[in-house]
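In case you want the letters, here they are:
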Amino acid sequence: MKRLFLILLLGIMLVLVCACKDTAGDTPVEVELPDFSQYVIVRSDYSTSDEAALSVTLKKHFSSYSGIELKLATDWDTDSSTAQACEILMGKTNRSEYDQFVSMLKNPEESCAFGMVGEKLIFYAATIEGMQEIVDKFAADILGSGSPSPLTDGSVYEYTYSKILKQVNGEEPMSILKDTILWGINGHHKGFPVYSETYQEEHIRLAAELGSKIYRINYNPTNDEMLVYINKIIDRCHEYGMQVMLVLDHFEETPEEIAKRMTFVAENLADKVEYVQIFNETDIWCSKTDNGGYYNITNWTGMTQEYYNPERVAISVERMRAALTAFRNAAPDAELVVNIGSRHYPMLDWYIEAGLEWDIIAFDIYDLNTWDHAEFFHEMEERYPGYRFMVAECNYPANNGPFTDEQQAQWLTSFIKMMNDYDSERLIAVIVYELMDQPNYEKDCKYNGEAHFGLVNTNPDYSPGEPKPSYRAVQKLFCGGEAKLVSEFKIVE
């Protein structure tokens, strides 16, 4: 009897061991998936061109991963009662299964999902971007996976996602620079041909993948439509972890017009952007005559008051007074920046003598290798003890003639390292000018440096081209190496 008991016990243990091996994956387990070759991809007849493009993307995924060529259709011809059973529903359609699927989701306002209701495969997201993300995730997890997740009636795979920056080798970004300084890049608004709305998302992505922590952009909104545009840029920058510096560079208006515009911006955007720059390089305007020539270039450095046109200086002081006063009254806590080109600090003296107040002095530096920048910053700290400092723009010496991409990379690397080594908590940001080349500025055979300031090439149709050596050099400083934004998904529990 004892022997029989031992035999039975051994048999039970053998069954349990085999079961554990099967569930542990030692024995392959068949995952039930629909026969996708019988399916058709269906979208709403009212879908936008972007939504329609997602159906094409999914069709390409099926062709690439599975060799299946699916047909595309809209929901116009049939409704739920007459449609074929095997359909892939791309977002909202007139099929009742779509509403059933959405009712099964736990966080539809923020999530994206795919799953099955009956024999219908359904994709859902609150945004176009979310639909793109969930379509790509489905392709990777179901079509491209050697061990796909089950897809049967009632299956729901719901996620939230975010974009995170990773080195292309999978490691976390590891900047060699101080984290007490905001390292960033300058862009422009849609009024610039190179920075059209068509490529806006790609521009911001390139800035984020550079490792930028601050994005500087000039824009002067005066109505609600313009606010919608700039808010999209601000929101996307924040999603990628970048602060925003908004440059209000419209200068040639009356003090009354300036005050009105500054009040509008302050009331609508001051709590959304981290820094606001008032005007841009007013010293340059003040160094000119009305016919466009220089007022007095006997001292080309611009470090003496005689360099500037006194009539224009007086006008600039009153315009700056109107701008700073109006903005501060409407937004007392805003971080206000006033910048100058090169070493033209007499303009700052005139503003201070007039009783004007702001928070940060910014310098635009384009002679990266001709004078001692550290010594100059020490002098500025002593001269203006109540201010913090930025480098709002920096790049190669634009007026020195043509250069190579490698020279630009070398100059920027050297200057950024120099600013990193500058030992002062009052230096809070260094921003490279700029993200994109602007070939439209090179209109004749005369060398025009600003056409080549960008870290990224621009294609003939003004779409973003390949990153230049300077982009990779700066990215190495900011991120530790080449980096990309990747999607990080979290299952909605």
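Worth saying up front: this structure is predicted, and the values here are computed from it rather than measured.

(A) How the structure looks around unusual backbone geometry. The step from Y433 to E434 runs through a cis peptide bond, and the omega angle for that step is 10 degrees. Secondary-structure assignment places E434 in the loop between β14 (427–432) and β15 (456–458). With a phi close to 70 degrees, Y462 is a non-glycine residue in the positive phi region. Mapped onto the fold, Y462 is located in the loop between β15 and β16 (464–467).

(B) Focus on the sheet that holds β14. Here eight strands make up a closed barrel; going around it, the order is β7-β8-β9-β10-β11-β12-β13-β14 and the pairing parallel. Between one strand axis and the next, the sheet turns by 25 degrees as a mean value, whatever way the strands run. As paired strands, strand β7 (residues 182–186) and β14 are joined by four bridges and run parallel to one another. In the strand pairing of β14, L182 is matched with A429. Contacting β12 (360–365), β13 (388–394) and β14, helix α11 (residues 373–383) runs over the sheet at an angle of about 155 degrees to β12.

(C) A look at the side chain of E133. Within the fold, E133 resides in helix α4 (residues 128–143). Beyond its immediate stretch of four places on either side in the chain, E133 contacts Y161, K163, S487 and F489.

(D) Main features of the pattern of salt bridges. What the rule picks out here adds up to 25 salt bridges. In this structure, E87 engages K120 in a salt bridge whose closest nitrogen and oxygen atoms are separated by 2.9 Å. Pair noted here: E87 is in strand β3 (residues 87–90) and K120 is in strand β5 (residues 120–125), with a separation of 33 residues, a long-range link. We classify E87 as buried; its relative accessible area is 3%. The partner of E209 in a salt bridge is R205, and the shortest N-O contact between them spans 2.8 Å. In this pair, E209 and R205 are both assigned in helix α5 (residues 200–210), four residues apart and thus about one turn of the helix distant. For E209, a relative accessible area of 4% puts it in the buried group.

(E) Structural view of the sheet that holds strand β17 (residues 483–491). The strand order across the open sheet built from seven strands is β2-β1-β3-β5-β4-β6-β17, with neighbouring strands paired in mixed fashion. The sheet is open, and its two borders are formed by β2 (71–74) and β17, each paired with just one other strand. For this sheet, the mean angle separating the axes of adjacent strands, direction not counted, is 25 degrees. One ladder, built from three bridges, connects β3 with β5; its direction is parallel. When the sheet's bridge partners are listed, L89 is paired in β5 with I122. Strands β3, β4 (112–117), β5, β6 (156–167) and β17 of the sheet are contacted by α4, whose axis makes an angle of about 135 degrees with β5.

What counts and how
Residues numbered from 1 in each chain as written. Predicted model: local features only at pLDDT ≥ 70, side-chain atom pairs only at ≥ 80, totals over all residues. Heavy atoms only, no water. Helix = DSSP H or I, 4+ residues; strand = E, 2+ residues; numbered from the N terminus. Pairing = 2+ DSSP bridges. Axes fitted to C-alpha atoms, helices over the stretch in contact; angles between N-to-C directions. Contact = heavy atoms within 4.5 Å. Salt bridge = Lys/Arg side-chain N within 4 Å of Asp/Glu carboxyl O. Buried < 20%, exposed > 50% of the residue type's maximum accessible area, 1.4 Å probe, protein only.

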